[in-house]
Amino acid sequence: MALALQTFSTVKDANAALKAAGTRYLGGGTLVVRAANEGDVSVSSLIRSTEPALSAITVSGGKVRIGASVTMAAIARHPDLASLAHAARAVGGPAIRNMATVGGNLFAPAPYGDFTVALLALDATVNIDDGELPIETFLAKRESNHAIITAVGFTFPADGFRFLKVSRIKPKGVSVLSIAAVLEQAPDGTVSSARIALGCMADRPMRATAAEKALLGRTLTSDGIAPTLAAAGDGTSPVTDPIASAWYRNEVLPVHLGRLLLG
Amino acid sequence: MAKVPVQFTLNGAEKAEFIDSGTTLLNALRDKIGDTSPKGGCHQGTCGACSVIIDGELRLSCLTLAETCNGAAITTTSGLSEGGVLHPLQRAFLDAFATQCGFCTSGMIMAAKVLLDHTPNPSRDEVVEALSGNICRCTGYEPIIQAVLTAARSNSQNAA
Ligand SMILES: Cc1cc2nc3c(=O)[nH]c(=O)nc-3n(C[C@H](O)[C@H](O)[C@H](O)COP(=O)(O)OP(=O)(O)OC[C@H]3O[C@@H](n4cnc5c(N)ncnc54)[C@H](O)[C@@H]3O)c2cc1C
Ligand code: FES
Ligand code: FES
């Protein structure tokens, strides 16, 4: 295996090195080293940066910034991110969570990317060295991204963040699907805003925009959410893999969305 | 390709080697340093047989590049016994028939050790969760879970 690693102390220098052909950024390596072990020769050089900001979590005034090198385990144990912990714990087993980074999760193809589903519902921004993008823009064209992601940022909803992962093997299994939602309710209990994100229902995390719209002005009761569940599969094109077929994923999506909304 | 230096402590002893850049920690430990206690099962992150403890955290040595471990403290199962006396986890695995072919055992013991280091008296669910990244084809898991619970009990008796 002819694979070389280059380490840079700044993101700037690492970004410059990434311009060369055959290079790829190394996060925790759970996907990229795995691919190399499997014989992927498209990468000859791995680049990483050890800039401290990449590993930092800051929470102030409801605003959260998570550096791209932060691992799922670090998120799961952070006292200020308790309501996100179950989404971070949904990724792999204990050793994977000690390695898997937020930055790498943004690129993980279905059936992976569970944490990114949470970030999509949270309307996160994806930061690079000289700017930031809305997560939806980033996801739509992530293949053409050549810049190092430095962090993700979002505003923590006071409450109303919900997350669910469905897998066949407990406690650690790859997703049949995952769902994250951020809901706001008016004083009368009706939903005043909704963001719903789905994992494994396309090749990458996607918004369930029809379901979101159908939820506005409705209450979180079985009658209230019926139109939302009917619209859940709009625009999905789930993956078929050894875990589940596309047909199966579409069949069970409304059941699990219903449980998330009523739970 | 130019060799690169790596230096870390392995089970408390200083190790320094020149390796090919991009070598996984698993290959460096087994082929260069001669510690064959981590096993290469899948090289894909799915079996856990290559688990080691790096700076107190459970990691998969098959997906870790050795160069990223410079300066780290690495623990493997081969470093657990002291003066020929088995570690309580090793003793419990033997006594409970929690090891058959033995291929998963070293990884299981690493995962169990990290658990007991942080949670000396785990519940059964905590043991299952801690071992959830490790696959065993032989035992059916129950003897392994029992062995970890037994080791936890014998640790707390010793401490008492
Ligand atoms: C056994 C196993 C189980 C798993 N289970 C799950 C699961 O349940 N849920 C789940 O979501 N995932 C799972 N994964 C997939 C993976 O571990 C995670 O998605 C993880 O978050 C990927 O992060 P990484 O840091 O390891 O990525 P890497 O392998 O380091 O990188 C992946 C890709 O992202 C790019 N990249 C990484 N960081 C950056 C950055 N900062 N800037 C630019 N590009 C970057 C890399 O160049 C590469 O192309 C599993 C993997 C394994 C091996
Ligand atoms: S060899 Fe590393 S997880 Fe299987
Ligand atoms: S004892 Fe054979 S794989 Fe576990």
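Residues numbered from 1 in each chain as written. Chains lettered and ligands numbered in written order. Predicted model: local features only at pLDDT ≥ 70, side-chain atom pairs only at ≥ 80, totals over all residues. Heavy atoms only, no water.

### A short note on the pairing of strand β2 (residues 13–20) of chain B
All names here are of chain B. Bridge count for strand β1 (residues 3–10) against β2 is eight bridges, and the pairing is antiparallel. Along β2, the bridge assignment pairs lysine 3 with aspartate 20. Counting the residues between successive antiparallel strands, the hairpin from β1 to β2 contains two residues, one of them, asparagine 11, with a positive phi of roughly 50°. (Pairing = 2+ DSSP bridges. Helix = DSSP H or I, 4+ residues; strand = E, 2+ residues; numbered from the N terminus.)

### Re the site of ligand 1
By nearness alone, 32 residues border ligand 1, and Tyr25, Gly28, Thr30, Thr101 and Asp114 of chain A come closest of all. Near ligand 1, residues from chains A and B are present, making the site a shared one. Here glycine 29 of chain A contributes a backbone N or O atom positioned 2.8 Å from an oxygen atom of ligand 1. Contact distances for ligand 1 include 2.8 Å between a nitrogen atom and a backbone N or O atom of isoleucine 149 of chain A. Protein contact buries 95% of the 970 Å² of open area that ligand 1 shows by itself. Every element with two or more residues in the shell around ligand 1 is listed here: β2 (23–25), α2 (32–37) and α6 (102–105) of chain A. The dominant element in the shell around ligand 1, judged by the number of residues it contributes, is α6 of chain A, at three residues. Class assignment of the residues belonging to the shell around ligand 1 gives a composition of 15 nonpolar, 13 polar and four charged. (Near = heavy atom within 4 Å. Polar contact = N/O pair within 3.5 Å; in protein donor to acceptor, adjacent residues only side chain to side chain. Areas by Shrake-Rupley, 256 points an atom, 1.4 Å probe, with all protein chains shown as cover. Nonpolar A, V, L, I, M, F, W, Y, C, P; charged D, E, K, R; others polar.)

### Some words on the packing of aromatic side chains
Residue and element names in this part refer to chain A. Under the definition given, this model contains two aromatic pairs over all chains. Geometrically, the ring pair formed by phenylalanine 107 and phenylalanine 138 is edge-to-face, given 5.3 Å between the ring centres and 90° between the ring planes. With a gap of 31 residues between them, phenylalanine 107 in the loop between α6 and α7 (114–121) and phenylalanine 138 in helix α8 (residues 135–140) connect regions that are remote in the sequence. Judged by centre distance (5.8 Å) and plane angle (75°), the rings of phenylalanine 154 and phenylalanine 156 are edge-to-face. In this structure, phenylalanine 154 and phenylalanine 156 share a single accessibility class: buried. The ring of tyrosine 248 carries the charged tip of arginine 168 above its face, separated from the ring centre by 5.1 Å. (Phe/Tyr/Trp six-rings, centres within 6.5 Å; stacked < 30°, edge-to-face > 60°. Buried < 20%, exposed > 50% of the residue type's maximum accessible area, 1.4 Å probe, protein only. Lys NZ or Arg CZ within 6 Å of the ring centre and 35° of its normal.)

### Comments concerning the interface of chain B and chain A
Contacts between the two partners involve 23 residues from chain B and, on the opposite side, 25 residues from chain A. The junction of chain B with chain A conceals about 2,000 Å² of combined surface from both sides, 59% of it contributed by carbon and sulfur atoms. Contact with chain A buries surface across chain B, with Gln44, Leu63 and Leu65 of chain B losing the most and accounting together for 27% of the total. At the junction of chain B with chain A, the criterion picks out two salt bridges. Across the salt bridge formed by arginine 97 of chain A and glutamate 129 of chain B, the nearest N and O atoms sit 2.6 Å from each other. At the surface where chain B touches chain A, the tally comes to eight residue pairs in polar contact (both at pLDDT 80 or more). (Contact = heavy atoms within 4.5 Å. Buried area = accessible area lost by both parts, 1.4 Å probe. Salt bridge = Lys/Arg side-chain N within 4 Å of Asp/Glu carboxyl O.)

### What about the nonpolar core?
Burial of nonpolar side chains together is a common tendency in soluble globular proteins. Counting 83 residues, the largest nonpolar core has Ile66 and Phe115 of chain A as the members making the most contacts within it. The leading source of residues in this core is helix α3 (residues 105–118) of chain B, at eight residues. Setting aside its immediate chain neighbours within four residues, phenylalanine 115 of chain A contacts Met72, Ile75, Leu84, Ala87, Ala88, Val91, Val102 and Asn105 of chain A. Of all hydrophobic cores here, the second largest spans 27 residues; its members include Leu164, Met206, Ala208 and Val252 of chain A. (Core = buried A, V, L, I, M, F, W, Y, C linked by side-chain atoms within 4.5 Å.)

### Some details on the domain arrangement of chain B
All names here are of chain B. If you check the domain split of chain B, you get domain 1 (3–78) and domain 2 (88–159). For domain 1 and domain 2, the distance between their C-alpha centres works out to 22 Å. Counting residues at the interface gives 17 residues for domain 1 and 13 residues for domain 2. Interface area, domain 1 with domain 2, both sides summed: about 1,200 Å², of which 63% is carbon and sulfur. For the domain 1 face of the interface with domain 2, the top three residues by lost area are Ile53, Leu58 and Thr77, together amounting to 41%. One can count zero salt bridges joining domain 1 with domain 2. Counting residues per element, the side of domain 1 that touches domain 2 draws most heavily on strand β3 (residues 51–54), at three residues. Residues that form the side of domain 1 that touches domain 2 fall into these classes: six nonpolar, 10 polar and one charged. (Domains from an automatic or database assignment.)

### Examining α7 of chain A
All names here are of chain A. Counting buried positions over the eight residues of α7 gives eight, a clear majority of the element. Regarding α7, the residues found buried are Asp114, Phe115, Thr116, Val117, Ala118, Leu119, Leu120 and Ala121. One or two steps after α7, the chain reaches aspartate 123, where phi turns positive at roughly 55°.

### So, unusual backbone geometry
In this chain, alanine 110 of chain A is followed by proline 111 of chain A through a cis amide linkage whose omega measures 15°. Inspection of the secondary structure assignment puts proline 111 of chain A in the loop between α6 and α7. Omega for the peptide link from lysine 170 of chain A to proline 171 of chain A comes to 0°, which places this bond in the cis form. The residue proline 171 of chain A is located in the loop between β9 (161–167) and β10 (175–185) in this model. Even without a glycine there, the phi angle at aspartate 55 of chain B is positive, about 45°. In this fold, aspartate 55 of chain B is placed in the loop between β3 and β4 (57–60). Located in the positive-phi region is tyrosine 141 of chain B, a residue other than glycine, with phi close to 75°. With respect to the helices and strands, tyrosine 141 of chain B occurs in the loop between α4 (124–130) and α5 (142–159). By relative accessible area, which is 32% here, tyrosine 141 of chain B ends up partly exposed.

### Quick look at the sheet that holds β1 of chain B
Residue and element names in this part refer to chain B. Pairing within the open sheet is mixed, and its five strands lie in the order β2-β1-β5-β3-β4. If you trace the sheet from one side to the other, it starts and ends with β2 and β4, each paired once. Across the sheet, the mean angle from the axis of one strand to that of its neighbour is 40°, orientation sign disregarded. Strands in contact with helix α1 (residues 25–33) are β1, β2, β3 and β5 (73–75); relative to β2, the strand with the most contacts, it is inclined by about 105°. Strands in contact with α3 are β3, β4 and β5; relative to β3, the strand with the most contacts, it is inclined by about 35°. (Axes fitted to C-alpha atoms, helices over the stretch in contact; angles between N-to-C directions.)

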